[in-house]
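Structure assessment
Listed below are the residues making up each chain.
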Amino acid sequence: GAVVSQHPSWVICKSGTSVKIECRSLDFQATTMFWYRQFPKQSLMLMATSNEGSKATYEQGVEKDKFLINHASLTLSTLTVTSAHPEDSSFYICSANGGSTGANVLTFGAGSRLTVL
Amino acid sequence: DQQVKQNSPSLSVQEGRISILNCDYTNSMFDYFLWYKKYPAEGPTFLISISSIKDKNEDGRFTVFLNKSAKHLSLHIVPSQPGDSAVYFCAASARTSYDKVIFGPGTSLSVIP
């Protein structure tokens, strides 16, 4: 089945530093990937749509200069949280559409827990 | 404005009994619905889906029912097992953008042995 790998699974950083999270589709190509954010006991909020070879599309209220997305290949999208602050601490999850799971079904990575001190 | 609602944040069910998780949506453009299951500190995993042309879809112990007129769907798990304890997210998408999936807030299911 379709597998999406996310790395790192957890990261702790100091306030003001930048953190990069990688999302890879392991056994299929993904022209589009999605980045979600989940606060404790809340739903997954779509942050942006990552498009291979072009600019990401951000949802309303998401700062594109804060959350940099790069989709350089058909199997890799990266999310960089720039100048992270404690309020950026969250669970970030990526997903991709495709693979054997089904055309309309998203496959999710395991998520990345970011803690900003 | 929450387009996908799950009004029960939590649900407890005895092992072997039926679990019914409910979901309501407001966007009439939605025509594809999915249920995802999520364990703590993990990404969601796909469980079952239903297209708006159907009113029922069954996969083993899991059945999803769709009532388009009421904009309501439900997930039935029979029989419930302790391993089913997780957070269940209802999600929806529209034919104009199937990739863009909107999630509900989730229902935490506890199956008591």
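Refer to the structure printed above.
Residues numbered from 1 in each chain as written. Chains lettered and ligands numbered in written order. Predicted model: local features only at pLDDT ≥ 70, side-chain atom pairs only at ≥ 80, totals over all residues. Heavy atoms only, no water.

Focus: a nonpolar patch on the surface
Rules: A patch consists of residues whose relative accessible area exceeds 30% and which take part in no salt bridge; residues with like charges are grouped when within 9 Å of each other, and nonpolar side chains (Val, Leu, Ile, Met, Phe, Trp, Tyr) when within 5 Å. Areas reported as accessible are Shrake-Rupley estimates using a 1.4 Å probe. Residue values count occlusion only from the protein chains shown. The working definition used for a salt bridge is a side-chain nitrogen of Lys or Arg within 4 Å of a carboxyl oxygen of Asp or Glu. Going along the chain from the N terminus, every DSSP run of H or I of four or more residues is numbered as a helix, and every run of E of two or more is numbered as a strand.
A cluster of nonpolar side chains, namely A:Trp10, A:Ile12 and A:Leu117, defines an oily patch on the protein surface of about 390 Å² accessible area. Within the fold, A:Trp10 resides in strand β2 (residues 10-13).

Here's the deal with the packing of aromatic side chains
Here is the rule: The rule is short: rings of Phe, Tyr and Trp, with Trp giving its six-membered ring, pair when the centres are within 6.5 Å, and they are stacked under 30 degrees, edge-to-face over 60, tilted in between. Relative accessibility thresholds used throughout: buried, under 20% of the residue-type maximum; exposed, over 50%; partly exposed, between the two (1.4 Å probe, protein chains only).
Per the counting criterion, the structure on display carries 10 aromatic pairs over all chains. Plain terms: the ring middles of A:Tyr36 and A:Phe108 are 5.6 Å apart, the flat faces sit at 50° to each other, and that makes the pair tilted. Of this pair, A:Tyr36 sits in strand β4 (residues 32-38) while A:Phe108 sits in strand β10 (residues 106-108), and the two are 72 residues apart along the sequence. Judged by its relative accessible area of 8%, A:Phe108 is buried. Ring centres of B:Phe89 and B:Phe103 lie 6.2 Å apart, and the angle between their planes is 85°; this geometry places the pair in the edge-to-face category. Of this pair, B:Phe89 sits in strand β9 (residues 86-94) while B:Phe103 is found in strand β10 (residues 97-103), placing the two residues 14 residues apart along the sequence. Connected via pairs of aromatic rings, a cluster forms that spans A:Tyr36, A:Phe108, B:Tyr36, B:Phe46, B:Phe89 and B:Phe103.

Some thoughts on the sheet that holds strand β3 (residues 19-25) of chain A
Residues and elements named next belong to chain A. Put simply, the rule is: Think of it this way: DSSP has to see at least two bridges between two strands before they count as a pair. Lines are fitted to the C-alpha atoms to define the axes, a helix being fitted only along its stretch in contact, and any angle between axes, read from their N-to-C directions, falls within 0 to 180 degrees.
Pairing is antiparallel in the open sheet, where four strands are placed in the order β1-β3-β8-β7. The sheet is open, and its two borders are formed by β1 (4-7) and β7 (67-73), each paired with just one other strand. Along the sheet, successive strands turn relative to each other by an average axial angle of 15°, direction set aside.

A look at the layout of surface pockets
Over the atoms, a rolled probe matching the size of one water molecule traces out where space is still vacant. Put simply, the rule is: Grid spacing is 1 Å over the protein atoms alone, the probe is 1.4 Å, and a cavity is where that probe fits but cannot get out, while a pocket is an open set with protein on both sides within 12 Å along at least five of seven lines and lining residues have an atom within 4 Å of a point. Grid points are joined across faces, edges and corners, and a volume is the space filled by probe spheres set on the points. Classes in brief: Ala, Val, Leu, Ile, Met, Phe, Trp, Tyr, Cys and Pro nonpolar; Asp, Glu, Lys and Arg charged; the others, Gly included, polar.
Computed from the structure, the largest pocket encloses a volume of approximately 740 Å³. Along the walls of the largest pocket sit 28 residues, with A:Leu44, A:Met45, A:Leu46, A:Glu59 and A:Gln60 positioned nearest its centre. Those elements that place two or more of their residues in the lining of the largest pocket are β4 and β5 (44-51) of chain A together with β10 of chain B. Sort the elements by how many residues they give to the lining of the largest pocket and β10(B) lands first, with five residues. Class assignment of the residues belonging to the lining of the largest pocket gives a composition of 13 nonpolar, eight polar and seven charged.

Some details on the interface of chain B and chain A
Short version of the rule: Contacts are residue-level and defined by heavy atoms, with any inter-residue pair within 4.5 Å sufficient. The term buried area refers to how much accessible surface (probe radius 1.4 Å) is lost by two components on association, counted for both of them together. Polar contact is defined as a pair of N or O atoms within 3.5 Å, subject to the rule that within protein one atom must be able to donate a hydrogen and the other to accept it, and that residues adjacent in sequence are counted only when both atoms are side-chain atoms.
Tallying the contact residues gives 17 residues for chain B and 20 residues for chain A. Interface of chain B and chain A: buried area, both sides summed, is about 1500 Å²; carbon and sulfur atoms make up 61% of it. The tally of links between chain B and chain A comes to zero salt bridges. Across the contact surface, chain B and chain A share five residue pairs in polar contact (both at pLDDT 80 or more). Secondary structure elements with two or more residues in the side of chain B that touches chain A: β4 (30-38) and β10 of chain B.

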